[in-house]
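Analysis of the macromolecular model
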Amino acid sequence: MATRKTKPLTRRQFIAKSTLAAISLGLSTRVKSVYAAQTGQKRLVVMGGRRTAGFANHGRSDTELTGVVDAGLAGQNPVTLERFPLLAAELPSVKKGTWTIDRQKKTMVTVYRLRSGLKWSDGKPHTSHDFKFGWEVHRHPEFPLRDRLVPDMIEKIETPDDRTIAIHWRALYTEAHAIQKQQLRAWPRHILQDAFQAGDIKALVRDAYWNQKFIGAGPYRLLDWGGGAQIEVEANPHYALGKPKIDRLTFKVVEDSNTALSAMLAGEVDLALRDTLSFDGALVLKEQWEAKGLGTVSIRPITFRWLNLSGTNPLFKDVRVKRALLHAIDRNSMVNNIFRGVAPIIHFPLSPFRTAYQRADQAAMKYEYNVDKAKQLLSEAGFTMGSDGVLANAKGERMEFEFRTEAGSREDEQAQAIIVDYWKKIGVRAQIKNLAQRVFNSEEYRNRWPGAALGGQNLVVEEWAERFHSAGTPTAENRWASESVSLWQNAQADKIMDELNTIIPEARATDLQVEFVKLFTRDLPYLPLYYRLEWLAIRKGVSGITPRIESGGQNMNTWNMHLWDKT
């Protein structure tokens with residue numbers, strides 16, 4: 001009998017068939033059993049792909065998950081990017097006299113009035129004094145805060161009564177009238193004040209409050225931390241905007257994308273947030289799940305992936321080397337290979353939804369795929385090809401270095417392997433040495449590397465200072481917690497970011513963003529690769545979820561979850 005030949009499966013077909021097999025074998029029974037136990041009330045199962053250490057502004061946290069259990073003075077609509085009062089009754093206003101600006105002294109005062117009857121999720125009063133206490137904790141020099149911009153800009157906070165917060169600013173700050181929880185956050189004095197006053201900040205940072213015993217002011221209150229892998233919460237009856245419509249919520253961290261896809265196809269999960277599904281998995285859902293009317297899959301480009309060449313490695317001091325390494329990568333072919341061309345390449349960190357984008361795109365330096373140009377730039381930088389096919393300079397420094405990304409991140413590892421091959425063609429040797437997510441982001445390794453790293457950040461203009469300002473350089477003194485990992489030292493760029501954070505007309509802000517893009521694409525603190533797509537899978541019957549146009553701590557898919565519903 002003749003042997004029957006079969007066509008080889010594409011990667012996406014293999015994933016789909018493997019997933020369906022996993023469902024038939026019951027490989028995701030734990031998710032199913034949890035969901036099945038939640039009957040009689042409106043309950044939601046949400047998947048996220050990012051394991052966190054807790055709900056604080058230090059350590060590794062997740063924007064979406066933090067927004068489930070806590071809230072700030074203001075919130076932001078991630079579709080319109082408009083701010084709205086959350087714990088505050090209204091936002092400070094120049095017209096109403098609650099936002100006073102002294103342009104001569106470059107100082108300000110913003111007065112927030114809290115909503116009446118605010119409570120923590122344990123029922124204790126939530127007052128202005130808790131906000132002042134939160135600021136005192138965050139400004140402590142030993143507290144490992146990720147972003148000190150706002151705490152350091154505040155001269156003092158006055159609390160004349162339980163509902164009034166008068167913030168005195170050292171400088172003009174454009175977002176002072178709409179502060180969110182990642183910028184200034186209240187902490188419950190009735191729980192943390194004694195520990196803070198004891199003076200052992202390291203002990204305070206390790207306190208179980210930040211995860212296992214968290215008390216917040218968000219739409220839900222914590223029932224079970226579950227080691228950060230499966231978090232159980234219930235509707236907070238004290239939430240400022242009203243008790244949520246969904247009574248209970250299970251937030252599962254699923255780090256394996258095939259397991260996540262299996263759970264969605266099996267109907268065990270109501271919502272899959274960012275980083276849960278792979279790109280191929282999202283396409284499978286569109287073809288086999290959305291097409292049948294079982295739910296919807298939203299795919300949007302909201303962050304960007306970059307290469308960072310270590311600011312401490314002498315190989316990369318000459319900007320011509322950076323430009324050469326970017327010219328050597330055929331980014332269009334790479335995204336076509338990995339993302340079927342759905343993810344566009346990117347030249348600078350600005351969202352196409354921003355007003356300044358078109359002008360910035362015209363002003364930017366761009367580095368199209370050009371191997372000859374790459375070789376020319378490396379030659380001009382003093383590198384010549386050795387007999388072993390590796391470039392070296394007159395000092396004998398060989399163009400060899402370590403190349404890191406998070407192990408297990410399928411798309412990143414694919415891109416990394418493709419980039420290594422492109423670089424090899426021009427005499428550059430990059431040795432892959434990937435680290436598990438928890439190691440990559442641990443204090444021992446985070447925000448620094450000896451060679452190259454592939455990572456990503458958001459495109460939020462208001463957070464440029466956190467990502468690119470020289471003042472945000474990670475150091476041993478700040479426990480490598482700050483995020484300006486490129487070590488970019490550009491006084492003009494710093495000045496632009498400083499002015500963008502002051503109170504200026506919109507037209508001036510647009511001009512500054514264009515100037516920043518010129519400097520960024522000239523100096524290449526990062527080598528921009530492509531837009532990172534975010535996909536949300538929303539099960540039929542779940543309503544109220546609004547996919548965002550930008551990521552970052554200011555823009556949460558969970559921003560309005562008290563209005564979510566399920567039928």
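Read on for a plain summary of the structure. (Residues numbered from 1 in each chain as written. Predicted model: local features only at pLDDT ≥ 70, side-chain atom pairs only at ≥ 80, totals over all residues. Heavy atoms only, no water.)

What to know about the overall build of the chain
Scanning the chain from N- to C-terminus turns up 18 helices and 21 strands. The C-alpha atoms of the chain give a radius of gyration of 25 Å, which matches the 24 Å a tight globule of 567 residues would have. Expressed along its principal axes, the backbone C-alpha trace of the chain runs to roughly 75 × 75 × 45 Å. When the 567 residues of the chain are sorted by exposure, 56% land in the buried category. (Helix = DSSP H or I, 4+ residues; strand = E, 2+ residues; numbered from the N terminus. Rg over C-alpha atoms; globule rule 2.2 N^0.38 Å. Buried < 20%, exposed > 50% of the residue type's maximum accessible area, 1.4 Å probe, protein only.)

A word on the packing of aromatic side chains
Counted according to the given criterion, the structure contains 28 aromatic pairs. Taken together, a centroid distance of 4.7 Å and an interplanar angle of 40 degrees make the contact between Trp306 and Tyr526 tilted. Taken as a pair, Trp306 in strand β13 (residues 295–309) and Tyr526 in the loop between α18 (506–523) and β19 (527–539) lie far apart in primary sequence, 220 residues in all. Judged by relative accessible area, which is 0%, Tyr526 ranks as buried. Geometrically, the ring pair formed by Trp464 and Phe516 is stacked, given 4.1 Å between the ring centres and 20 degrees between the ring planes. Placement of Trp464 in helix α16 (residues 464–468) and of Phe516 in helix α18 is noted, with a sequence separation of 52 residues between them. The buried category is assigned to Trp464, whose relative accessible area is 2%. (Phe/Tyr/Trp six-rings, centres within 6.5 Å; stacked < 30°, edge-to-face > 60°.)

A short note on the nonpolar core
Membership of the largest hydrophobic core comes to 71 residues, with the highest contact counts inside it found for Trp169 and Trp187. Of the residues forming this core, the biggest block, four residues, is contributed by helix α4 (residues 128–139). Every residue in contact with Trp169, bar those within four places of it in the chain, is listed here: Thr107, Met108, Val109, Thr110, Val150, Met153, Ile154, Glu155, Ala176 and Ile179. In terms of nonpolar packing, the next biggest core, distinct from the first, is built from 61 residues, Leu277, Phe316, Val321 and Trp423 among them. (Core = buried A, V, L, I, M, F, W, Y, C linked by side-chain atoms within 4.5 Å. Contact = heavy atoms within 4.5 Å.)

Structural notes on α18
A rise of 1.5 Å per residue sets the reference length of α18, with its 18 residues, at 26 Å; its end C-alpha atoms lie 26 Å apart and thus fit the reference within 8%. Listed as buried for α18 are Ala509, Thr510, Leu512, Gln513, Val514, Phe516, Val517, Leu519, Phe520, Thr521 and Asp523. Looking at the buried side of α18, the elements it contacts are α10 (319–327), α12 (357–363), α16, α17 (491–500) and β19. Just beyond α18, the residue with positive phi is Leu524, at close to 50 degrees. (Expected span 1.5 Å × (residues − 1).)

Considering the sheet that holds strand β16 (residues 400–404)
In spatial order, the strands read β9-β10-β11-β1-β12-β19-β13-β18-β16-β17; together these 10 strands make up an open sheet with mixed pairing. Whereas interior strands pair on both sides, the edge strands pair on one side only; in this sheet they are β9 (220–224) and β17 (429–432). Across the face of the sheet, α10 comes into contact with β13 and β19 while running at roughly 50 degrees to β19. (Pairing = 2+ DSSP bridges. Axes fitted to C-alpha atoms, helices over the stretch in contact; angles between N-to-C directions.)

Considering the pattern of salt bridges
The full count for this structure, using the stated rule, is 30 salt bridges. For the salt bridge of Arg539 with Asp270, the shortest nitrogen-to-oxygen distance reads 3.4 Å. With a gap of 269 residues between them, Arg539 in strand β19 and Asp270 in the loop between α8 (257–265) and β12 (271–272) connect regions that are remote in the sequence. We classify Arg539 as partly exposed; its relative accessible area is 23%. Classification of Asp270 by relative accessible area gives buried; the value is 0%. For the salt bridge of Glu400 with Arg398, the shortest nitrogen-to-oxygen distance reads 3.0 Å. (Salt bridge = Lys/Arg side-chain N within 4 Å of Asp/Glu carboxyl O.)

Here we look at the side chain of Thr159
By the secondary structure assignment, Thr159 is in the loop between β7 (154–158) and β8 (164–169). When its relative accessible area of 17% is taken as the criterion, Thr159 is described as buried. A polar side-chain atom of Thr159 sits 3.1 Å from a polar atom in the side chain of His129. (Polar contact = N/O pair within 3.5 Å; in protein donor to acceptor, adjacent residues only side chain to side chain.)

Topic: unusual backbone geometry
Its identity as a non-glycine residue notwithstanding, Leu81 has a phi of 65 degrees, on the positive side. Mapping Leu81 onto the fold places it in the loop between β2 (74–76) and β3 (83–85). The backbone phi angle of Leu487 is positive, close to 60 degrees, even though this residue is not glycine. With respect to the secondary-structure elements, Leu487 resides in the loop between α16 and α17.

Section: the packing of α17 against α18
Packing of α17 against α18 leaves a shortest axis separation of 10 Å and a crossing angle of 155 degrees. Between α17 and α18, the interaxial angle falls into the category roughly antiparallel. Seen from above, α17 lies across α18 with left-handed handedness. Listed contacts from α18 to Gln492, Ala493, Ile496, Met497, Glu499 and Leu500 of α17 are Arg508, Ala509, Leu512, Gln513, Glu515, Phe516 and Leu519. Considering only residue class, the contact of α17 with α18 consists of eight nonpolar, two polar and three charged. (Parallel < 35°, antiparallel > 145°, perpendicular 65-115°, else oblique. Left-handed = near helix turned anticlockwise from the far one by under 90°. Nonpolar A, V, L, I, M, F, W, Y, C, P; charged D, E, K, R; others polar.)

Examining α4
Counted at 1.5 Å a residue, the expected span for α4 with its 12 residues is 16 Å, and the 17 Å between its end C-alpha atoms agrees. Taken as a whole, α4 has its buried residues at Ser128, Asp130, Phe131, Phe133, Gly134, Trp135, Val137 and His138. Elements that come into contact with the buried residues of α4 comprise β6 (107–114), α5 (149–153), β7, β8, α6 (189–197) and α7 (201–205).

Considerations on the environment of Gly242
The residue Gly242 is located in the loop between β10 (230–235) and β11 (248–253) in this model. Given the relative accessible area of 26%, Gly242 is considered partly exposed. For the pair Gly242 and Pro219, spaced 23 residues apart in sequence, the C-alpha separation works out to 7.9 Å.

Overview of the pairing of strand β5 (residues 99–102)
In this structure, β5 lies alongside β6, joined through four bridges in antiparallel fashion. What sits directly across from Trp99, in β6, is Thr110. Counted between consecutive antiparallel strands, the loop separating β5 from β6 contains four residues, among which Lys106 sits at a positive phi close to 60 degrees.

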